[in-house]
Amino acid sequence: MHDTTALARPAAAYTPADNPRFLKLHRRFPTVAYLRRHARRHVPRFAFEYLDGGAGADGGIARNWHALDAIELVPRYGVTTTLPRVDIELFGRYYSAPIGVAPMGGPSLVWPGADQYLAAAAQRARVPYTLGLVAGMTVERAAEIAPDVLWFQLYRCSRNEHAIGFDLARRAEAVGVQVLVLTLDVPVRTTRPREVAVGITSPFRPDLRMLAGILASPGYLGSLWRHGQPRFGNLKPYAADTADVNEVADFVRREMGGAFTWDEVARYRERWKRPLVVKGILHPADAEKCVSLGVDGIVVSNHGGRQIEGLPAPIDVLPAIVAAVGGRATVMLDSGVRSGLDVVRAVALGADAAFAGKAFLWGLGALGPEGPAHVIDLMIDEMKSAVGQLGALRLNDLRSLDIRHKNAFRFEPGKGSK
Ligand SMILES: Cc1cc2nc3c(=O)[nH]c(=O)nc-3n(C[C@H](O)[C@H](O)[C@H](O)COP(=O)(O)O)c2cc1C
């Protein structure tokens, strides 16, 4: 097991601008938007639609972006002379910056071997990496690649008195995972029109169009050759020994269902002695509930706009949730984060850290193995220059800036009670 005494030391200042490889890639891909454009041409169409498509007509995704873009921060000048620091402490560990990799299922569909590239990039830059339960890589393998930064996400596996879910938590603890994340915001299955239109179905059966797309993407094909078909590594041990990928997928569908209830969160709280995070909170009353159950952190999230349109953007409910939590838990945010400036906006409005999903996959789609590292470097570089440009020396100073947040959500007292 990994030596945890080393983990309490502050991360050395990480400066992407000192890295010649970053500077070279930066000339071709100076923002995440360039990576997205390139990824669209570089991976098979089904892969891009899987990563990029949201619920309905992508209205939730657009709202997440616009809501972040709409936050205005007023700089103060005449103070900063040195490059600001953006390293943080979260749950007793030090990280280079308040940005992490959100949990994702099936990232290997976007680029075969994705999980290990995401994990390695996060470990190298020392930012949190959340392995998704339905990713391809096992938690044991993730702990080898990203021992200092590994978090693990669970969906509800309720059959047999949560035997599988609890066993997964036990396995995570055994390999030194520090933070367990319970996702609450998938109470029902939904479909994404862009996935349906390219033939992504379950069970997953590649059709001729998909095979043609793979053959036309040599980088993707090479990675598929090296890593093989995406698997559900974490759940395979619970399926029949002889199960193939589709049988395991079937098993996953049968095992997983609904989202955790508060009683179930409480049961995990009892068993998991390390930091516990609940992901997918949008209402201050639900944040309160998490705090009352002893949860250590929450992720304010609308699942990146992938589950349903018509939800508020997390950045717009963040201030009300930060106020409700009142410092009793760590508050994080995801959904729509595409730049270091977005992370700075979230921190200025009270978040302790932000996570991104699609941005890392656009990086993978555009650059393959090098993509996730480039996205992390871009975000840290942008964050440092945004903090400095705003006249802050460190992240905490952002909280005292004057901020215009026109669309901040106002909750009516009493409405949150069920
Ligand atoms: C391809 C893909 C798969 C995802 N799978 C999961 C998952 O298995 N579990 C989960 O909690 N969230 C999942 N999410 C949601 C992310 O954790 C995160 O909330 C979201 O991507 C943040 O929004 P962003 O993509 O705009 O950064 C997934 C997101 C994407 C893009």
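Residues numbered from 1 in each chain as written. Predicted model: local features only at pLDDT ≥ 70, side-chain atom pairs only at ≥ 80, totals over all residues. Heavy atoms only, no water.

Peer 1: Explain the pairing of strand β6 (residues 150-154) here, please?
Peer 2: Every other side chain in a regular strand lies on the same face of the sheet, so the side chains alternate between the two faces. Of all 5 residues in β6, 5 are buried; the element is thus mostly enclosed. Burial of β6 is two-sided: the residues L150, F152 and L154 facing one way and the residues W151 and Q153 facing the other way are all buried. With 3 bridges connecting them, strand β5 (residues 129-131) and β6 associate as parallel partners. Across the sheet, L131 pairs through a bridge with F152, a residue of β6. Where the polypeptide runs from β5 across helix α7 (residues 139-145) and back to β6, its parallel neighbour, the crossover connection is right-handed. Here β6 runs beside strand β7 (residues 179-183); their pairing, made up of 4 bridges, is parallel. Residue pairing across strands places L154 opposite L182, the latter belonging to β7. Handedness of the β6-helix α8 (residues 159-174)-β7 crossover: right-handed. (Buried < 20%, exposed > 50% of the residue type's maximum accessible area, 1.4 Å probe, protein only. Helix = DSSP H or I, 4+ residues; strand = E, 2+ residues; numbered from the N terminus. Pairing = 2+ DSSP bridges. Right-handed = clockwise from strand over helix to strand, strands pointing away.)

Peer 1: Would you mind showing me how to read the site of the ligand here?
Peer 2: In the neighbourhood of the ligand, 22 residues make up the surrounding shell, with P103, Y155, T183, D334 and G336 lying closest. Here K279 contributes a side-chain N or O atom positioned 2.9 Å from an oxygen atom of the ligand. G336 has a polar backbone atom sitting 2.8 Å from an oxygen atom of the ligand. Protein coverage of the free-state accessible area of the ligand, which is 600 Å², stands at 97%. Among the elements of the structure, α3 (45-52) and α17 (358-367) are those that each provide at least two residues to the shell around the ligand. (Near = heavy atom within 4 Å. Polar contact = N/O pair within 3.5 Å; in protein donor to acceptor, adjacent residues only side chain to side chain. Areas by Shrake-Rupley, 256 points an atom, 1.4 Å probe, with all protein chains shown as cover.)

Peer 1: For this particular structure, what's the right way to read the environment of I376?
Peer 2: Inspection of the secondary structure assignment puts I376 in helix α18 (residues 371-389). Classification of I376 as buried rests on a relative accessible area of 1%. For the pair formed by I376 and G340, sequence separation is 36 residues and the distance between their alpha carbons is 9.1 Å. For I376, the residues in contact, after removing those within four places along its chain, are A121, A122, A125, V127 and F360. (Contact = heavy atoms within 4.5 Å.)

Peer 1: Can you walk me through helix α4 (residues 59-69) in this structure?
Peer 2: Since one α-helical turn is 3.6 residues long, residues separated by three or four positions face the same way. Listed in full, the buried residues belonging to α4 are G60, I61, N64, W65, A67 and L68. An end-on view of α4 places all buried positions within 165 degrees of arc, on one side of the element. Looking at the buried positions of α4, the neighbouring elements they touch are α2 (32-42), α3, α15 (314-325), α16 (340-348) and α17. (Arc of directions from axis to C-beta.)

Coordinates in, geometry out; function isn't part of it.
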